[in-house]
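Residues per chain are reported as follows:
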Amino acid sequence: MNKIVAITGANSGIGLTAAQDLARQGFDILALCRNKQKGEEAVKIIQAENPAIKCELWVMDLSNLQQVSTVAEQILAKYPKIDVLLNNAGYYPASITYTGEIEDTLYASHVAHQLLTLKLLPALEASGEGRVINVSSMAHMGGKVARFFQNTKKPSHTQAYCDAKLANILFTVGLKKYLASRKSEVTTYSLHPGPVKTNFENNVSGVFRFLITIFKPFIFIDAVQGAVASIYLSSAPLNEIKPFDGQYFIKKRAVKTQNRDITPENVDWQWKKTMEILQSKGFAL
Ligand SMILES: NC(=O)c1ccc[n+]([C@@H]2O[C@H](COP(=O)([O-])OP(=O)(O)OC[C@H]3O[C@@H](n4cnc5c(N)ncnc54)[C@H](OP(=O)(O)O)[C@@H]3O)[C@@H](O)[C@H]2O)c1
(Lines give C-alpha, C1' and ligand atoms only; values in the text may rest on other atoms or scores of the structure.)
Protein backbone atom coordinates (compact mmCIF):
# COMPACT_ATOMS: atom_id res chain seq x y z
CA MET A 1 0.00 0.00 0.00
CA ASN A 2 1.30 3.47 -0.87
CA LYS A 3 2.11 5.96 1.85
CA ILE A 4 -0.30 8.89 2.02
CA VAL A 5 0.57 12.59 2.34
CA ALA A 6 -2.01 15.33 2.89
CA ILE A 7 -0.83 18.76 1.68
CA THR A 8 -2.51 22.11 2.25
CA GLY A 9 -2.05 24.57 -0.62
CA ALA A 10 -1.11 21.71 -2.97
CA ASN A 11 -2.19 23.63 -6.08
CA SER A 12 0.64 26.17 -6.26
CA GLY A 13 4.31 26.89 -5.67
CA ILE A 14 6.11 24.85 -3.03
CA GLY A 15 3.07 22.71 -2.17
CA LEU A 16 2.48 21.68 -5.78
CA THR A 17 6.17 20.98 -6.39
CA ALA A 18 6.39 18.87 -3.22
CA ALA A 19 3.24 16.98 -4.27
CA GLN A 20 4.71 16.24 -7.71
CA ASP A 21 7.94 14.93 -6.22
CA LEU A 22 6.21 12.82 -3.58
CA ALA A 23 3.90 11.41 -6.28
CA ARG A 24 6.99 10.35 -8.25
CA GLN A 25 8.26 8.68 -5.07
CA GLY A 26 5.01 6.67 -4.88
CA PHE A 27 3.02 8.58 -2.27
CA ASP A 28 -0.75 8.89 -2.66
CA ILE A 29 -1.62 12.58 -2.42
CA LEU A 30 -4.52 14.26 -0.65
CA ALA A 31 -4.51 17.76 -2.15
CA LEU A 32 -6.20 20.17 0.28
CA CYS A 33 -6.96 23.31 -1.74
CA ARG A 34 -9.36 26.20 -1.22
CA ASN A 35 -10.25 26.69 -4.89
CA LYS A 36 -11.95 23.74 -6.64
CA GLN A 37 -10.90 24.68 -10.16
CA LYS A 38 -7.26 25.32 -9.23
CA GLY A 39 -7.32 22.11 -7.19
CA GLU A 40 -8.65 20.05 -10.10
CA GLU A 41 -5.94 21.42 -12.39
CA ALA A 42 -3.30 20.58 -9.78
CA VAL A 43 -4.62 17.04 -9.37
CA LYS A 44 -4.17 16.48 -13.14
CA ILE A 45 -0.59 17.78 -12.95
CA ILE A 46 0.26 15.66 -9.90
CA GLN A 47 -1.44 12.52 -11.27
CA ALA A 48 0.48 12.87 -14.55
CA GLU A 49 3.73 12.47 -12.59
CA ASN A 50 2.82 8.91 -11.67
CA PRO A 51 -0.31 7.12 -12.89
CA ALA A 52 0.30 4.39 -10.28
CA ILE A 53 -0.56 6.67 -7.37
CA LYS A 54 -3.89 8.13 -6.30
CA CYS A 55 -4.26 11.91 -6.11
CA GLU A 56 -7.48 13.23 -4.65
CA LEU A 57 -8.76 16.79 -4.19
CA TRP A 58 -10.37 17.97 -0.96
CA VAL A 59 -11.69 21.51 -1.07
CA MET A 60 -10.74 23.23 2.18
CA ASP A 61 -10.43 26.94 2.87
CA LEU A 62 -8.31 27.49 5.96
CA SER A 63 -10.12 30.73 6.70
CA ASN A 64 -13.27 28.66 7.36
CA LEU A 65 -12.73 26.60 10.53
CA GLN A 66 -16.07 24.83 10.22
CA GLN A 67 -15.12 23.64 6.74
CA VAL A 68 -11.67 22.57 7.95
CA SER A 69 -13.29 20.50 10.69
CA THR A 70 -15.95 18.93 8.45
CA VAL A 71 -13.52 18.06 5.65
CA ALA A 72 -10.95 16.69 8.13
CA GLU A 73 -13.62 14.40 9.58
CA GLN A 74 -14.54 13.21 6.07
CA ILE A 75 -10.87 12.53 5.29
CA LEU A 76 -10.46 10.65 8.57
CA ALA A 77 -13.53 8.50 7.82
CA LYS A 78 -12.09 7.55 4.42
CA TYR A 79 -8.42 7.31 5.39
CA PRO A 80 -7.86 5.76 8.84
CA LYS A 81 -4.09 5.93 8.19
CA ILE A 82 -2.21 8.97 6.88
CA ASP A 83 1.58 9.09 6.95
CA VAL A 84 2.37 12.77 6.49
CA LEU A 85 0.54 16.05 7.00
CA LEU A 86 2.31 18.89 5.22
CA ASN A 87 0.84 22.14 6.56
CA ASN A 88 2.11 24.22 3.66
CA ALA A 89 -0.55 26.82 2.81
CA GLY A 90 0.21 30.38 3.78
CA TYR A 91 0.04 33.86 2.36
CA TYR A 92 1.18 37.44 2.71
CA PRO A 93 -2.00 39.42 3.48
CA ALA A 94 -3.34 41.88 0.90
CA SER A 95 -5.22 43.64 3.72
CA ILE A 96 -5.45 43.38 7.50
CA THR A 97 -8.78 41.93 8.59
CA TYR A 98 -9.96 40.17 11.72
CA THR A 99 -12.19 37.30 12.70
CA GLY A 100 -13.25 38.34 16.18
CA GLU A 101 -10.00 39.25 17.90
CA ILE A 102 -7.78 37.19 15.63
CA GLU A 103 -5.95 38.68 12.68
CA ASP A 104 -6.92 36.59 9.64
CA THR A 105 -3.41 35.62 8.50
CA LEU A 106 -2.79 34.09 11.95
CA TYR A 107 -6.27 32.56 11.86
CA ALA A 108 -5.81 30.73 8.52
CA SER A 109 -2.09 29.97 8.73
CA HIS A 110 -1.95 28.90 12.37
CA VAL A 111 -5.32 28.36 14.10
CA ALA A 112 -6.76 26.39 11.16
CA HIS A 113 -3.63 24.25 10.81
CA GLN A 114 -3.74 23.40 14.53
CA LEU A 115 -7.38 22.34 14.11
CA LEU A 116 -6.60 20.30 10.99
CA THR A 117 -3.64 18.61 12.66
CA LEU A 118 -5.56 17.63 15.79
CA LYS A 119 -8.48 16.34 13.71
CA LEU A 120 -6.18 14.16 11.56
CA LEU A 121 -4.04 12.99 14.48
CA PRO A 122 -5.70 9.56 14.87
CA ALA A 123 -4.84 8.77 11.23
CA LEU A 124 -1.28 10.04 11.63
CA GLU A 125 -0.88 7.95 14.79
CA ALA A 126 -2.08 4.87 12.90
CA SER A 127 0.85 5.27 10.49
CA GLY A 128 3.57 4.28 12.95
CA GLU A 129 5.83 6.82 11.19
CA GLY A 130 3.39 9.76 11.15
CA ARG A 131 4.82 13.22 10.84
CA VAL A 132 3.47 16.78 10.78
CA ILE A 133 5.51 19.32 8.82
CA ASN A 134 4.79 23.02 9.18
CA VAL A 135 6.01 25.39 6.49
CA SER A 136 7.19 28.49 8.32
CA SER A 137 9.69 31.06 7.09
CA MET A 138 12.77 32.99 8.06
CA ALA A 139 10.21 35.81 8.39
CA HIS A 140 9.41 34.30 11.81
CA MET A 141 12.27 36.53 12.98
CA GLY A 142 9.99 39.58 12.73
CA GLY A 143 7.05 38.02 14.60
CA LYS A 144 5.94 39.23 18.05
CA VAL A 145 3.78 37.18 20.39
CA ALA A 146 2.49 40.41 22.01
CA ARG A 147 0.45 41.04 18.84
CA PHE A 148 -1.22 37.61 18.80
CA PHE A 149 -4.96 37.12 19.42
CA GLN A 150 -5.87 40.75 20.01
CA ASN A 151 -7.23 43.49 17.77
CA THR A 152 -6.14 46.57 19.66
CA LYS A 153 -2.90 47.23 17.75
CA LYS A 154 -3.31 46.68 14.02
CA PRO A 155 -0.12 45.12 12.59
CA SER A 156 1.38 46.09 9.25
CA HIS A 157 1.00 43.52 6.46
CA THR A 158 4.59 42.39 6.97
CA GLN A 159 4.11 42.12 10.75
CA ALA A 160 0.97 40.00 10.23
CA TYR A 161 2.88 37.64 7.94
CA CYS A 162 5.84 37.42 10.33
CA ASP A 163 3.48 36.74 13.27
CA ALA A 164 1.83 33.86 11.39
CA LYS A 165 5.22 32.33 10.57
CA LEU A 166 6.35 32.67 14.21
CA ALA A 167 3.10 30.96 15.25
CA ASN A 168 3.92 28.03 12.92
CA ILE A 169 7.16 27.49 14.86
CA LEU A 170 5.60 27.86 18.31
CA PHE A 171 2.91 25.39 17.17
CA THR A 172 5.54 22.86 16.11
CA VAL A 173 7.22 22.97 19.51
CA GLY A 174 3.85 22.89 21.30
CA LEU A 175 2.72 19.96 19.19
CA LYS A 176 5.86 18.02 20.06
CA LYS A 177 5.08 18.52 23.75
CA TYR A 178 1.43 17.56 23.27
CA LEU A 179 2.39 14.41 21.34
CA ALA A 180 4.81 13.42 24.10
CA SER A 181 2.01 13.79 26.68
CA ARG A 182 -0.08 11.36 24.58
CA LYS A 183 2.90 8.98 24.21
CA SER A 184 2.35 9.42 20.49
CA GLU A 185 4.91 8.25 17.94
CA VAL A 186 4.09 11.10 15.57
CA THR A 187 6.95 13.56 15.09
CA THR A 188 6.81 17.17 13.92
CA TYR A 189 9.08 19.67 12.18
CA SER A 190 9.00 23.25 10.90
CA LEU A 191 10.96 24.66 8.00
CA HIS A 192 12.01 27.69 5.98
CA PRO A 193 11.87 26.96 2.23
CA GLY A 194 14.13 29.86 1.21
CA PRO A 195 13.18 32.84 -0.93
CA VAL A 196 11.21 31.07 -3.66
CA LYS A 197 9.71 32.28 -6.97
CA THR A 198 6.04 31.35 -6.51
CA ASN A 199 2.68 33.14 -6.44
CA PHE A 200 3.53 34.13 -2.87
CA GLU A 201 4.86 37.54 -3.81
CA ASN A 202 1.65 38.69 -5.55
CA ASN A 203 0.31 40.47 -2.46
CA VAL A 204 3.61 41.54 -1.00
CA SER A 205 3.97 45.22 -0.13
CA GLY A 206 6.18 47.56 1.92
CA VAL A 207 9.63 46.41 3.03
CA PHE A 208 9.15 42.91 1.66
CA ARG A 209 8.23 44.27 -1.80
CA PHE A 210 11.35 46.44 -1.76
CA LEU A 211 13.59 43.51 -0.76
CA ILE A 212 12.02 41.21 -3.35
CA THR A 213 12.46 43.78 -6.13
CA ILE A 214 16.11 44.29 -5.24
CA PHE A 215 17.12 40.70 -4.56
CA LYS A 216 14.86 38.60 -6.77
CA PRO A 217 17.27 38.38 -9.72
CA PHE A 218 20.13 37.28 -7.44
CA ILE A 219 18.91 35.12 -4.61
CA PHE A 220 15.44 33.80 -5.41
CA ILE A 221 15.32 30.06 -6.06
CA ASP A 222 12.81 28.04 -8.04
CA ALA A 223 10.06 25.96 -6.43
CA VAL A 224 12.04 22.73 -6.96
CA GLN A 225 14.82 24.03 -4.71
CA GLY A 226 12.27 25.66 -2.38
CA ALA A 227 10.52 22.34 -1.81
CA VAL A 228 13.68 20.48 -0.74
CA ALA A 229 12.99 20.62 3.02
CA SER A 230 9.28 19.78 2.61
CA ILE A 231 10.11 16.75 0.47
CA TYR A 232 12.99 15.64 2.68
CA LEU A 233 10.99 15.78 5.92
CA SER A 234 8.03 14.03 4.25
CA SER A 235 10.03 11.15 2.84
CA ALA A 236 13.31 10.70 4.78
CA PRO A 237 13.66 7.53 6.85
CA LEU A 238 12.22 8.28 10.29
CA ASN A 239 15.43 7.35 12.13
CA GLU A 240 17.27 10.05 10.15
CA ILE A 241 14.95 12.91 11.21
CA LYS A 242 13.54 11.72 14.54
CA PRO A 243 16.52 13.08 16.55
CA PHE A 244 15.41 16.53 15.33
CA ASP A 245 11.78 16.18 16.41
CA GLY A 246 10.24 19.63 16.99
CA GLN A 247 13.07 21.47 15.24
CA TYR A 248 13.29 23.97 12.38
CA PHE A 249 14.89 23.03 9.06
CA ILE A 250 16.47 24.81 6.14
CA LYS A 251 17.01 22.36 3.27
CA LYS A 252 18.01 19.08 4.96
CA ARG A 253 19.52 20.55 8.14
CA ALA A 254 18.04 21.48 11.48
CA VAL A 255 19.06 25.05 12.34
CA LYS A 256 18.41 27.45 15.21
CA THR A 257 15.31 29.59 15.18
CA GLN A 258 15.92 33.33 15.50
CA ASN A 259 13.35 34.97 17.73
CA ARG A 260 13.51 35.64 21.46
CA ASP A 261 9.75 35.09 21.66
CA ILE A 262 10.34 31.36 21.13
CA THR A 263 10.25 30.40 24.81
CA PRO A 264 8.63 27.46 26.61
CA GLU A 265 6.20 29.94 28.23
CA ASN A 266 5.08 31.34 24.86
CA VAL A 267 4.81 27.85 23.37
CA ASP A 268 2.46 26.83 26.20
CA TRP A 269 0.57 30.13 26.07
CA GLN A 270 -0.07 29.91 22.31
CA TRP A 271 -1.12 26.26 22.55
CA LYS A 272 -3.56 26.96 25.40
CA LYS A 273 -4.95 30.09 23.77
CA THR A 274 -5.49 28.32 20.43
CA MET A 275 -7.22 25.41 22.15
CA GLU A 276 -9.49 27.87 23.99
CA ILE A 277 -10.38 29.54 20.67
CA LEU A 278 -11.14 26.20 19.02
CA GLN A 279 -13.13 24.93 21.99
CA SER A 280 -15.09 28.20 22.24
CA LYS A 281 -16.18 27.58 18.65
CA GLY A 282 -17.46 24.15 19.63
CA PHE A 283 -14.73 21.92 18.22
CA ALA A 284 -14.25 18.85 20.39
CA LEU A 285 -10.53 18.03 20.37
N1 LIG B 1 7.85 31.82 -1.63
C2 LIG B 1 8.65 32.20 -0.64
O3 LIG B 1 9.62 32.93 -0.85
C4 LIG B 1 8.42 31.69 0.75
C5 LIG B 1 9.40 31.97 1.73
C6 LIG B 1 9.20 31.50 3.02
C7 LIG B 1 8.06 30.77 3.33
N8 LIG B 1 7.13 30.52 2.36
C9 LIG B 1 5.94 29.76 2.76
O10 LIG B 1 5.77 28.68 1.87
C11 LIG B 1 4.39 28.30 1.87
C12 LIG B 1 3.92 28.08 0.45
O13 LIG B 1 3.96 29.31 -0.22
P14 LIG B 1 4.37 29.46 -1.77
O15 LIG B 1 5.60 30.26 -1.82
O16 LIG B 1 4.34 28.15 -2.45
O17 LIG B 1 3.19 30.43 -2.27
P18 LIG B 1 1.96 30.21 -3.25
O19 LIG B 1 2.43 29.76 -4.60
O20 LIG B 1 1.17 31.48 -3.18
O21 LIG B 1 1.14 29.02 -2.56
C22 LIG B 1 0.41 29.24 -1.38
C23 LIG B 1 -0.68 28.19 -1.29
O24 LIG B 1 -1.44 28.43 -0.09
C25 LIG B 1 -2.82 28.43 -0.44
N26 LIG B 1 -3.62 29.20 0.48
C27 LIG B 1 -3.52 30.52 0.80
N28 LIG B 1 -4.49 30.88 1.63
C29 LIG B 1 -5.25 29.76 1.86
C30 LIG B 1 -6.43 29.49 2.61
N31 LIG B 1 -7.06 30.44 3.30
N32 LIG B 1 -6.91 28.23 2.59
C33 LIG B 1 -6.31 27.26 1.89
N34 LIG B 1 -5.22 27.45 1.13
C35 LIG B 1 -4.70 28.70 1.12
C36 LIG B 1 -2.85 29.02 -1.84
O37 LIG B 1 -4.09 28.78 -2.47
P38 LIG B 1 -4.58 29.67 -3.74
O39 LIG B 1 -3.75 29.24 -4.91
O40 LIG B 1 -6.02 29.34 -3.88
O41 LIG B 1 -4.32 31.11 -3.38
C42 LIG B 1 -1.67 28.27 -2.46
O43 LIG B 1 -2.07 26.98 -2.82
C44 LIG B 1 3.63 29.40 2.62
O45 LIG B 1 3.32 28.95 3.93
C46 LIG B 1 4.64 30.55 2.68
O47 LIG B 1 4.44 31.35 3.83
C48 LIG B 1 7.28 30.96 1.09
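Scroll up to find the structure.
Residues numbered from 1 in each chain as written. Predicted model: local features only at pLDDT ≥ 70, side-chain atom pairs only at ≥ 80, totals over all residues. Heavy atoms only, no water.

A. Local environment of the pattern of salt bridges. A full pass over the atoms with the stated rule returns 15 salt bridges. With its nearest N and O atoms 2.8 Å apart, the salt bridge here joins R24 to E49. With R24 in helix α1 (residues 13-24) and E49 in helix α2 (residues 36-49), this residue pair connects regions lying 25 residues apart in the sequence. Taking the shortest distance from any N to any O, the salt bridge between E56 and K54 comes out at 4.0 Å. Because the salt bridges share partners, they merge into one network encompassing K3, E129 and R131. (Salt bridge = Lys/Arg side-chain N within 4 Å of Asp/Glu carboxyl O. Helix = DSSP H or I, 4+ residues; strand = E, 2+ residues; numbered from the N terminus.)

B. Fine view of the pairing of strand β8 (residues 187-192). Across the six residues of β8, six count as buried, placing the element largely inside the fold. Neither face of β8 is left uncovered, since the one carrying T187, Y189 and L191 and the one carrying T188, S190 and H192 both have all their residues buried. Sheet topology places strand β7 (residues 131-135) next to β8; five bridges connect them, and they run parallel. Looking at the pairing, N134 lines up with S190 of β8. Taking the sense of rotation as the criterion, the β-α-β connection linking β7, helix α5 (residues 157-181) and β8 turns out right-handed. Across three bridges, the pairing between β8 and strand β9 (residues 248-250) is parallel. (Buried < 20%, exposed > 50% of the residue type's maximum accessible area, 1.4 Å probe, protein only. Pairing = 2+ DSSP bridges. Right-handed = clockwise from strand over helix to strand, strands pointing away.)

C. Highlighting the site of the ligand. Taken together, 28 residues form the shell around the ligand, and within it S12, R34, N88, Y161 and T198 come nearest. At a separation of 2.8 Å, an oxygen atom of the ligand approaches a polar backbone atom of N88. A distance of 3.5 Å is found between an oxygen atom of the ligand and a backbone nitrogen or oxygen belonging to G90. At the level of secondary structure, the elements contributing two or more residues to the shell around the ligand comprise α1 and α5. Across the shell around the ligand, the residue classes tally to eleven nonpolar, 13 polar and four charged. (Near = heavy atom within 4 Å. Polar contact = N/O pair within 3.5 Å; in protein donor to acceptor, adjacent residues only side chain to side chain. Nonpolar A, V, L, I, M, F, W, Y, C, P; charged D, E, K, R; others polar.)

Treat this as a map of the structure, not an account of what it does.
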